[in-house]
Amino acid sequence: MELLDEAKFVVNLNLWALRVPREYCKRVSRILNGYLFDRPRIKPVKEDPESDRSRYMLMSEKIQNADLSEVPSAKVSELKELFEIQAVPYKLVLDYSYWPAGHIAHLNITNELLPYKDVIAKVIYDKNFPRIKTIVNKVGTIENEYRVPKFEVLAGDGNMITELRQYGAVFKLDYGKVYWNSRLEHEHLRLISKFQPGDVICDVFAGVGPFAIPAAQKGCAVYANDLNPDSVWYLKVNAEVNKVPSLIKAYNLDGRKFISSLMAVPSAESSLDSDNTIEKTSRNGEVHHQEPNENLKSNTSVNLRLFLIAGKSIAVIDSSEQLCMKKHTILPCTESVSDKKHEENGTTNSSDKPCLAKSKKRGTAKCAGVSQSFNVKPWEHIDHVIMNLPASALQFLNAFRGVINKKHWRGSLPWIHCYCFLRSNETEDLIKMEAEALLGASIQEAVFHRVRDVAPNKAMLCFSFRLPEEVCADNAG
């Protein structure tokens, strides 16, 4: 008889905690709103084992450094006016009793247990309702172009629309229409920790935004794309829910076309936003295209999208003209961090690249449903490119050949973070050689990170490297 090993569910989190005088806890909570530990059923305020006059306030998993460099300097200065800042390491253990099931239970029932699938589902449902309301079982292999598994509903109401939380972000999604993997939470956090506020990010296979949303929350400008229109729908919804729509531009294109269209110098000042369709998206996420009204066509780059969110029609307009007060603008960077530190962490730094500057005005006029777009020219600079499609992302690398024009590019070339699978009979050198063949150039800075084992003889890797200069248009043959 197989026994449940509860130790398999234990997760150790290495956090930073601020030692805060007890009387300032509420005030510090307001100042650090969005930067404190945020997980269901866990309070960020803990007892200080050394003094009853102070408390530990747990910082978010996004905070990786004791100097709180990820927190805006204005907030840090405000804390320093109250007390002397002291950050201490804090280990938080999440054991078996912590993990919630959510309202959807996803089963992968083996062939020998399939005759008992209804019994298994009924037991899980009966013993966990109302916490679990839907029981599904994965059927077959993933063969569709959107990489979305097929499920059969074994018990419950069959509602596949759910809401999840990761590292302080909220994600709404339809589990039956988009791809989601909760096991990649720590990988999302690891990669985002390499980004700096003001970085420009290109997410080629963005899904519903597990990389894009936290990157935008960190102050990055994000170009996010996915081939699945349902994923793009939820990406936009999640940008609104997490209050970062002004920092994310979403696209519904093939990854290869997205790369070439985004980074190529346009023949005119029109951008990738200036498509010739209006997307009408229904409540269930189905996207339909129709030709725009002739009155909308002009020399100004405009992209009008109509949405139904919670039954309310919302017009989202991206334009090179300012339609309402913007919360963020793009300015030349004036602050710099040593290049050595960035190179060691797989990040970039250049005084030439654009960065985000928050408006000093508070209480600016809000334009309901209107995207506050950023003025980044992706053919001039991008810091990081994320390619999270392990089954085939490598095959998209040749899309970079000749697409960047060095005459227009500012600063260092981007870091490419390409996810792939490594089988037991393969080596990292083999993957690097395949990437070099597709790029037509030698990769000098290669970093491999083992994400997780997906099968006994198959691992998921993140292959990071600086895009070689030989790939650029000026040097392409």
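Note that this is a predicted model, so its numbers are computed, not measured.

## Notes on the overall build of the protein
Next up, step 1: Secondary structure summary: the protein contains nine helices and 22 strands in total.
Next up, step 2: Across the 477 residues that make up the protein, the buried fraction comes to 45%.
Next up, step 3: Long-range pairs, those at least 24 residues apart, make up 70% of the contacts in the protein with a sequence separation of at least 6.
Next up, step 4: Of the roughly 25,100 Å² of accessible surface on the protein, a fraction of 49% belongs to carbon and sulfur atoms.

## Considerations on the packing of aromatic side chains
Note on aromatic pairs: each is described by the distance of the centres and the angle between the planes.
Next up, step 1: This model, assessed by the stated rule, comprises 10 aromatic pairs.
Next up, step 2: On the basis of an interplanar angle of 85 degrees and a centroid distance of 6.0 Å, the ring pair of Tyr-56 and Tyr-90 is categorised as edge-to-face. Placement of the pair is Tyr-56 in strand 3 (residues 54-58) and Tyr-90 in strand 4 (residues 87-94), with a sequence separation of 34 residues. There is no split in this pair, since Tyr-56 and Tyr-90 are both buried.
Next up, step 3: Measuring from centroid to centroid gives 5.5 Å for Tyr-251 and Phe-258, while their planes differ by 45 degrees, and the two rings are tilted.
Next up, step 4: We classify Tyr-251 as buried; its relative accessible area is 5%.
Next up, step 5: Taken together, Tyr-223, Tyr-251 and Phe-258 form an aromatic cluster joined through their ring pairs.

## Looking at the sheet that holds strand 22 (residues 458-466)
Next up, step 1: Pairing within the open sheet is mixed, and its seven strands lie in the order 12-11-10-19-20-22-21. Either end of the sheet is taken by a strand with one partner, and the two such strands are strand 12 (248-251) and strand 21 (446-455). Averaged over all pairs of adjacent strands, the angle between strand axes in this sheet comes to 20 degrees, irrespective of strand direction.
Next up, step 2: Note that strand 10 (residues 200-203) and strand 11 (residues 221-225) share four bridges and pair parallel. Looking at the pairing, Ile-201 lines up with Val-222 of strand 11.
Next up, step 3: Running over the sheet, helix 6 (residues 229-241) touches strand 11 and strand 12 and is turned about 165 degrees from strand 12.
Next up, step 4: Sitting on the sheet, helix 7 (residues 255-263) touches strand 10, strand 11, strand 12 and strand 19 (384-387), and the angle it makes with strand 11 is about 145 degrees.

## Observations regarding the sheet that holds strand 6 (residues 134-139)
Whether parallel or antiparallel, the strands of a sheet pair through hydrogen bonds between backbone atoms.
Next up, step 1: The strand order across the open sheet built from three strands is 5-6-7, with neighbouring strands paired in mixed fashion. Each edge of the open sheet is held by one strand with a lone partner, namely strand 5 (104-107) and strand 7 (150-156). Strand-to-strand twist of the sheet, defined as the mean angle between neighbouring strand axes without regard to direction, takes the value 30 degrees.
Next up, step 2: Relative to strand 7, strand 6 runs antiparallel, the two being bridged by six bridges. Note that in strand 7 the partner of Thr-134 across the bridge is Gly-156.

## Considering the environment of Asp-126
Next up, step 1: The topology assignment puts Asp-126 in helix 3 (residues 117-128).
Next up, step 2: Sequence separation between Asp-126 and Ala-155 is 29 residues; the distance between their C-alpha atoms is 9.6 Å.

## Topic: unusual backbone geometry
Next up, step 1: Look at Leu-68: it is not a glycine, yet its phi comes out positive at around 60 degrees.
Next up, step 2: Inspection of the secondary structure assignment puts Leu-68 in the loop between strand 3 and helix 2 (73-80).
Next up, step 3: Assessed through its relative accessible area of 2%, Leu-68 is described here as buried.
Next up, step 4: Positive phi, close to 60 degrees, is recorded for Lys-243, a residue that is not glycine.
Next up, step 5: As for its position among the elements, Lys-243 is in the loop between helix 6 and strand 12.

## Side note on the environment of Ser-51
Next up, step 1: Inspection of the secondary structure assignment puts Ser-51 in the loop between strand 2 (45-47) and strand 3.
Next up, step 2: Considering only alpha carbons, one finds Ser-51 and Arg-22, 29 residues apart in sequence, at a separation of 10.0 Å.
Next up, step 3: Here the side chain of Ser-51 touches Arg-53 through a polar contact of 3.1 Å, landing on its backbone nitrogen.

## Concerning the pattern of salt bridges
Next up, step 1: Scanning the model with the defined rule gives 11 salt bridges in all.
Next up, step 2: Between Lys-117 and Glu-152 there is a salt bridge whose closest N-O contact spans 3.1 Å. Highlighted residues: Lys-117 in helix 3 and Glu-152 in strand 7, separated in sequence by 35 residues.
Next up, step 3: Under the relative-accessibility criterion, Lys-117 is labelled partly exposed at 22%.
Next up, step 4: Residue Arg-450 is joined to Asp-453 by a salt bridge in which the shortest nitrogen-to-oxygen separation is 3.0 Å.
Next up, step 5: Linked through salt bridges whose partners overlap, the residues forming this network are Arg-19, Asp-48 and Glu-50.

## Focus on the environment of Asp-429
Next up, step 1: Along the chain, Asp-429 turns up in helix 9 (residues 428-439).
Next up, step 2: Under the relative-accessibility criterion, Asp-429 is labelled exposed at 54%.

## Describing helix 9
Next up, step 1: Helix length check: helix 9 (12 residues) gives 17 Å between terminal C-alpha atoms against 16 Å at 1.5 Å per residue, within 8%.
Next up, step 2: Every buried residue belonging to helix 9 is among Ile-431, Ala-435, Glu-436, Leu-438 and Leu-439, and all of these are buried. All buried residues of helix 9 fall inside an arc of 160 degrees around its axis, so they share one side. Turned more than 90 degrees away from the buried face of helix 9 sit Asp-429, Met-433 and Ala-437, all of them exposed.
Next up, step 3: Of the residues one or two after helix 9, Gly-440 is the one with positive phi, at around 70 degrees.

Reading the values: rules and limits
- Residues numbered from 1 in each chain as written.
- Predicted model: local features only at pLDDT ≥ 70, side-chain atom pairs only at ≥ 80, totals over all residues.
- Heavy atoms only, no water.
- Helix = DSSP H or I, 4+ residues; strand = E, 2+ residues; numbered from the N terminus.
- Buried < 20%, exposed > 50% of the residue type's maximum accessible area, 1.4 Å probe, protein only.
- Contact = heavy atoms within 4.5 Å.
- Areas by Shrake-Rupley, 256 points an atom, 1.4 Å probe, with all protein chains shown as cover.
- Phe/Tyr/Trp six-rings, centres within 6.5 Å; stacked < 30°, edge-to-face > 60°.
- Pairing = 2+ DSSP bridges.
- Axes fitted to C-alpha atoms, helices over the stretch in contact; angles between N-to-C directions.
- Polar contact = N/O pair within 3.5 Å; in protein donor to acceptor, adjacent residues only side chain to side chain.
- Salt bridge = Lys/Arg side-chain N within 4 Å of Asp/Glu carboxyl O.
- Expected span 1.5 Å × (residues − 1).
- Arc of directions from axis to C-beta.

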